Structure formats: structure tokens, C-alpha cells
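Residues per chain, in single letters:
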Amino acid sequence: MDFIEFSKDNVICFDGGTGTLLQERGLAPGEHPEMWNITHPDVITDVHRAYFDAGSNVVCTNTFGANSLKFSASELEEIIKSAINNAKNAAKQSKAPQEKFVALDIGPSGKLLKPLGDLDFEDAVSVFALTVKLGVKYGADLILIETMNDCYETKAALLAAKENGSLPVIVSNAYGENGKLMTGAPPEAMAALAEGMGAFAVGANCSLGPEQLIHVAEKLLSCASVPVIIKPNAGLPKSVDGKTFFDVDEKEFSEETEKLLKMGVRIVGGCCGTTPAYIKALKEKIGKIKPVPVEKKNITVVSSYACAVEFGKEPVLIGERINPTGKKRFKQALLENDMGYILSEGIGQQEKGAKILDVNVGLPEIDEKKLLTEAVKELQTVVDLPLQIDTADVKAMESALRIYNGKAMINSVNGKKESMEAVFPLVKKYGGVVVALTLDENGIPETARGRVEVAKKILKTAEKYGIDKKDIVFDTLALTVSADGKAAGTTLEAVKRVKEELGAHTSLGVSNVSFGLPSRGTVNGLFFALALENGLSAAIINPYSADIMKTYLAYMALKGFDVNCEKYIAAAQSFSETVISENGAKTEENGKESDENELKNAIIKGLKDKAALCTKKLLEKTPALDIINEQIIPALNTVGEGFENKTVYLPQLLISAETAKSAFEVIKSAQVGKENGENNGNFILATVKGDIHDIGKNIVKLLLQNYGYNVIDLGKDVPPEKIVEKVLEYHAPLAGLSALMTTTVPAMEETIKMLKKEAPWCKIVVGGAVLTKDYADKIGADKYAKDAMETVRFAQQITNGK
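Quick look at the structure, then. (Residues numbered from 1 in each chain as written. Predicted model: local features only at pLDDT ≥ 70, side-chain atom pairs only at ≥ 80, totals over all residues. Heavy atoms only, no water.)

What about the pairing of strand 25 (residues 734-738)?
Part 1: Among the five residues in strand 25, five count as buried, and that is most of the element.
Part 2: Where burial is concerned, the two faces of strand 25 agree: the one with Leu734, Gly736 and Ser738 and the one with Ala735 and Leu737 are both buried.
Part 3: Alignment of strand 25 against strand 26 (residues 763-767), held across five bridges, turns out to be parallel. Across the sheet, serine 738 pairs through a bridge with glycine 767, a residue of strand 26.
Part 4: One crossover worth recording links strand 25 to the parallel strand 26 by way of helix 28 (residues 745-758), and it is right-handed. (Buried < 20%, exposed > 50% of the residue type's maximum accessible area, 1.4 Å probe, protein only. Helix = DSSP H or I, 4+ residues; strand = E, 2+ residues; numbered from the N terminus. Pairing = 2+ DSSP bridges. Right-handed = clockwise from strand over helix to strand, strands pointing away.)

So this is what it looks like as C-alpha cells:
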């Protein structure tokens, strides 16, 4: 029986942790556990067999960190070949009667992807692809992509898996205590992305114990139409006499995980701290539970790296202004490659209430594929909204979809055979919600019935490609009433019939109805109201239009979506402040930001080019130190406080830090920069011996540099002796140590002991996914920082003498 067939009627039990078991059997601090597949195959096989004997259906290969960034091509192939053989031999040796499968285990690369880090998306896909190809070659039954804490890296790994084999792929992410990934994605966004790209199952592992993961499981179960996997840690790690243990025992672990199974989770196992004894106790619980059927949710949703937008709960506003049609200034920006103007349009529309941004850069004079891809990348650095990729160029569409961070909205397909054959394969491969125009080879039907018939044809064809109705939103085509007085009525009837007869969602380009008329805003506003009352799900609108926003906010209040009419009341006084002229030019009567705040706001919003220009302008009349202390640092503090309060996520924090860096570079080039400013002291930074994951370290480095610290970055896999040597060389008052893996925490403890002996003045701050405050205290650290901003705050306390 294959894995998919077995999963239909059974709860799947995975194995547990590996790192701590290998440490018990002699894995040295800093030693690569993946090499043990070759050097100690008997030990690895024995660990796998113990899990099969305990009742595991699936054992994961010892390949969590096996990738081409860490090992040579020949080493990587030998590691994966040996790892799969070890797991298969364990399955043969085990006398346990259950079905047994081997999963190729793929963990994070250890790097942040661009623009937040230095690893290009396509390079990340290539790294994961090499591992996948070898896993397929040597006979893995399925693929587990696990412990991913970044939406974008998750997509790279999943894309690599789908492009290089046909094995079932399970995607499991590492969520923090706030229920989000490190880069901000909630479970709903990750389920949308993974399910949209064809993952067999989605879920969570690591970081937290089973009780703490219940709220993540609840959200996944509420939105996923595929099985949910949960592999918790055995609680939180602690250190006693130099040894690591976890605070949830086998009994508690199995009881808490049993609750997850009864909620509807179909795949369970253990992560850090769990052993065959944990899995045996869990398997006993599984045997008493009838699997909860996986339900199809029929939720239409798009996502970004930080949020998911669901259709059907309330009307969705799609901002239309990133589009050259009828916009002279925007056309100029495209021709001049003025990305700053495009980004400002995105930011402005989000601030005005848009929930999705349409992105159209189509002009005959430009390379649309190149510019659309660049625009999508850049917009995702400054706004956290989902994007609607709007193009008739299929090559441009695929290029943008491939690098999009999330599940995009796609505009558009239509009922023509040629259109469906070109677009539907892209929707299937990359995931997405596609806008379907109700026209075909015969043109736009004159009647609502005709448009519904086209919609039916589109649904029938989409089904052949494996695309569900929930991933199609119909545009019944708003035509101008100045040319046909019955046009609006036909469109509205079609909207209503698509909803009632097909059970599908709809979207309209509202402003199309008023072309050629005076006072277009009045017509657009009333047409929008009529469309909403006929069941319109979403509208492509101008969020700067007072008529449109008045209609929307009044509708929300009247329909009970706006509690106590708070949003309507708050917005009422601002309706007259911003208007859009009929030629599409935006003018603001009030609220124009002052020159004094322009740089600060540019840094907060992540507008690098604007920040550099503002800095250059300010330097003409303002001392550099004043710019730093009154503009740059306050801006960083604003974003940092938002990050600490969970209103700003890591990508926004890093982009703002990079923007501040661009301002600093302008100051430095004017020779009045940091050498005349304040140096807050030396800070030694390193990822400890044996650990190649430097994401957290690099984030800390960027922020510390922006706050005036001289950071000596020693890199990753750094021996204790080298760290001590550099602390002594610089007489550094601060040292930061990072570790992601349980197997490398002993190296961190050893480093701390050496630093305390050789450099007692140096304060040591530690961080990483496997650490807790209690654990950090036990190994002798002066500070446990749960994130980069907490490291900055601690450094400020030390260097300011507080």
C-alpha cells in the first residue's frame, strides 16, 4: 500500500527527535549529524528501528541539514543515499506490524532569502531541488519539508519538490508563541500557499509543546482542505548538569497530542526532545481514536507573507491605481523605471483601506515581464497585502507568479480555449485565485444568462486541470452605460446569478461603468452600492475616491460589519481631504508630510530611494548628527516598538533597517557620517560551532549597526576559541551567540564558560529557536533575547550603563 492510500483511512504516526538521541550516542558538539549516515550507519539505523518498533508509520531520514550550501555534491549524494538506505534497512529489521514509510527530511537552508537576506529565490529553489532529486533517485516514499519559519523559503522548497518529482509533499512550519512564523505569516496564509501549490498536508512542528500548538492546529483545521500534521516538541528545553532535557514527559505529551487528534489532526509525531518512548505512548492513544474525516472547506483565499484575505465574509477592496490606463503620471513612472512612485502608490492604497493591490505595468514600450516581476518583488518589501497580478502576457504572468511570496490573485483568464490552456496550468502549478472574465470566442454575451453560461464553461474546463471553484472569481464585466443604458443592469443580474446559481464569488472593475460621463465618482459610487446589494464579493476600485469609500463604509455599517459604526465615524471627517481628478491625478488638500518628517516616514515605510534623496536634501541645511538623532533613530525606534508590540513583522523591520542604512550611506559619502557620530561600542557576533544557520545572527547584526554599534561578525560554525580570541582583541563589552539546533547548544555552553573565564567583563546574550530564558540562565548567559530588538535593547542597557 502506498502512503496516500494508507492515509485515507488511518491516522499517520511519524517518528520523534533525532538530535538528542545522537548526542547520547556520542555525537560531538559541532559535529554534523548528517555525516553519521555514512560514518555511523549502524547507530542511525538503530534509532530509526527504535521508532518503527515504537509504532511509527513514517521515519524521517537523517537529512535535516543536508543541502548543497553545507556539503559538496559528492558528499550530499552519499549522505542522502546512505540516509535512505539506513531508514529502509530499519523498516526491514523492525518486527512491528504497521505499515512503514520513509520520508526525505528537508529543513531550512539556514539563510534568509532576498530581499531580507542574501539568498536569491531561484538559488534557494536550486538548493532544495538537488536534495529532492537525490531523495527521489534513492527511493524515498514521501517528502517532509519541516521547521520552516519563512513563507518564501517554504515556497522555494515546495516548488523544488513539485518540479523534481511526484512524491507526496508534507509542509510543516515552525510557529512562535504569537501563532505566526518568524516572518509574520499566520497559519491561514501558510495553508493557502501550501494547499494552493499542491501539498499533500500542512501543519506545524518544533518551537512549542503540544498544548501551545493547539491554537495553531485550530486555525489550520478551520481553513485547510488537506490533512493537518502536528509534531510538537516535548515542551521547553532545560539544562541540568550540562545535559539538555525537556519539561513534558511521555504521558503528558501523548495526552495533549490526543486532544489534537480528536480535533481533527490526521498526522502526528514528535520533534525536539521526543524519543521512541514518547512515540510508543502516542501510538497507544492513536489506536483508540477513530480518524476525523478531512473536510473540504471551500474557502476562497489569497495571501501574502503576512496575511490572508478571505472572500465571502465581507466585500474585498482591490486597489486599482498601479495601472497605466488613464494615468499619465503612472505611464511616465513606468517608462522612467521610477519604482519609488509605484511603491508610493502601493503604500498609499493600503493606508486608504485596500485589502489587495492590483499590479499592472503593461505598456508597449517596456519589457513587461521584467518590470512586472520587479514591481511584485519591490511592492512586497513595503506592503504586506496580497497582490493581484494583472497581465495578458502569459510569460510575464508566470515570471511574477513564480517569485510571488504567497498565494496571489491572478487577473485574468476568460472563456476562450486559448486563454484557458495558457493560464490554468499556471494556476495549478503556482496556486492562486484567478479572475475569470465572462467572455469567450463569441465576445461578451449581451445577456446575464449568456455570461453565466460562459462561467459554467470556465468551471468545467478548470475542473479538468484540477482547479476547484473556490479558486475562481468571476468578473461579469462592467460596461459603460454611456454606450448602452442597459449595460449596468445586465452586469448586476449576472453578479447575482453567478452567486446564486453557481455558488461562486465575483469581482468587478467598478469605474468602467462611468467612462465618458461627467461626475464619474457619483455614478461609480451608486453602481458599487447596487453591486454589493446583488452579492458582489470584491471590487477593483480607487481607494482615494471619496464616493467609493463613502459607499463602502456606509454599506459596512448598515450591514453590521462595522461595530458601532466606528470605522465610518473615524473616516467621515477625512472624506474631503483627498480627491482624485477625473484624469487620475491624485491631490491631497491636507495632511501633506512636512520636510522634517519626510525622511522618518520614508524609513518607516521602507522607501530606500526616497530616504537617500531626503537625506541628501537635509544635509544641505542640517548637521549629520541631528539627522541621525532626530530622524533615523526615531524612525527605527518606531518600527522596533511596532515589532515588539506585534504590529510590525520581521520583513518590515528589516526593510526599514535597510532603508536607514541607505540614509547612513549618504551621510558617510558626504564625509560627515559615523566617524563624527557616536560609536556605541564593539559587539562580537557568531553562530556557534557546528551550526550553519545564521538568519537570526544576520538580523541582529543589521539592527545593531543601525543603532551605532561596531559589529564584528565572525560568521557561522565558529569555534569557542575564536570567539574568545576576538572578544579579547577588541575588549568587547558584548558578545552575541546564536544556535538553531539542539545538537549545537553544548557548543554554546562551552563558549560561554570560556568567555566567563577569559573575559569576565563581557556580557553574553544568546538566542535561537531551541533556547528559552531558563535554558539560557542554566548555561550561564547574561541575557536571553527572544528576538533581534530585544538584543538591541539589552545592548543599550549595557553600553548606557543602565
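Things to note about the pairing of strand 26
Part 1: Counted residue by residue, strand 26 has four buried out of five residues, so it is predominantly covered.
Part 2: Sheet topology places strand 26 next to strand 27 (residues 783-784); two bridges connect them, and they run parallel. Its bridge partner being in strand 27, valine 766 is matched across the sheet by tyrosine 784.
Part 3: Each parallel crossover has a hand, and for strand 26 linked through helix 29 (residues 773-778) to strand 27 it is right-handed.

Focus: the sheet that holds strand 26
The pairing of strands in a sheet happens through backbone hydrogen bonds and is either parallel or antiparallel.
Part 1: Within the open sheet, the five strands sit side by side as 24-23-25-26-27. Their pairing is parallel. Each edge of the open sheet carries a strand with a single partner, namely strand 24 (710-713) and strand 27.

Some remarks on the sheet that holds strand 5 (residues 169-173)
Part 1: If you walk across this open sheet you meet the eight strands as 1-10-7-6-5-4-3-2, and the pairing is parallel. Edge positions in the sheet fall to strand 1 (12-13) and strand 2 (58-60), since each of these pairs with one other strand and no more.
Part 2: Examined bridge by bridge, strand 6 (residues 201-205) and strand 7 (residues 228-231) share four bridges and lie parallel to one another. Bridging across to strand 7, glycine 203 finds its partner in isoleucine 229.

With respect to helix 26 (residues 695-706)
Part 1: The end-to-end C-alpha separation of helix 26 is 17 Å, in line with the 16 Å expected for twelve residues at 1.5 Å each.
Part 2: As for helix 26, its buried residues are in contact with helix 24 (624-644), helix 25 (650-669), strand 23 (682-687), strand 24, strand 25 and helix 30 (788-799).
Part 3: Looking one or two places after helix 26, you find glycine 708, whose phi comes out positive at around 90 degrees. (Expected span 1.5 Å × (residues − 1). Contact = heavy atoms within 4.5 Å.)

Let's talk about the side chain of glutamate 256
Part 1: The residue glutamate 256 is located in helix 10 (residues 250-263) in this model.
Part 2: What makes glutamate 256 buried here is its relative accessible area of 12%.
Part 3: The contact partners of glutamate 256, leaving out residues within four places of it in the chain, are Pro210, Glu211 and Ile214.

Some details on a negative patch on the surface
Part 1: A contiguous patch of negative charge, built from Glu211, Asp247, Asp249 and Glu252, is present on the exposed surface.
Part 2: As for its position among the elements, aspartate 247 is in the loop between strand 9 (243-246) and helix 10. (Patch = residues over 30% accessible without salt bridge, like charges linked within 9 Å, V, L, I, M, F, W, Y side chains within 5 Å. Areas by Shrake-Rupley, 256 points an atom, 1.4 Å probe, with all protein chains shown as cover. Salt bridge = Lys/Arg side-chain N within 4 Å of Asp/Glu carboxyl O. Lys, Arg positive; Asp, Glu negative; His and termini not counted. Charge placed at Lys NZ, Arg CZ, Asp CG, Glu CD.)

Some points on the pattern of salt bridges
A side chain of one charge can pair with a side chain of the opposite charge if their charged atoms are brought near each other.
Part 1: Scanning the entire structure with this criterion turns up 37 salt bridges.
Part 2: The partner of arginine 321 in a salt bridge is glutamate 345, and the shortest N-O contact between them spans 3.2 Å. Of this pair, arginine 321 sits in strand 13 (residues 316-322) while glutamate 345 sits in helix 13 (residues 339-351), and the two are 24 residues apart along the sequence.
Part 3: Residue class for arginine 321 comes out buried when judged on its relative accessible area of 2%.

What to know about the environment of asparagine 57
Part 1: Turning to its location among the elements, asparagine 57 is positioned in the loop between helix 4 (41-54) and strand 2.
Part 2: The class for asparagine 57 is buried, based on a relative accessible area of 1%.
Part 3: Spatially, the C-alpha atom of asparagine 57 lies 9.6 Å from that of alanine 91, the residues being 34 residues apart in sequence.
Part 4: Contacts of asparagine 57, omitting those with residues within four sequence positions, involve Phe6, Val11, Ile12, Cys13, Phe52, Gln98, Glu99, Lys100, Phe101 and Lys283.

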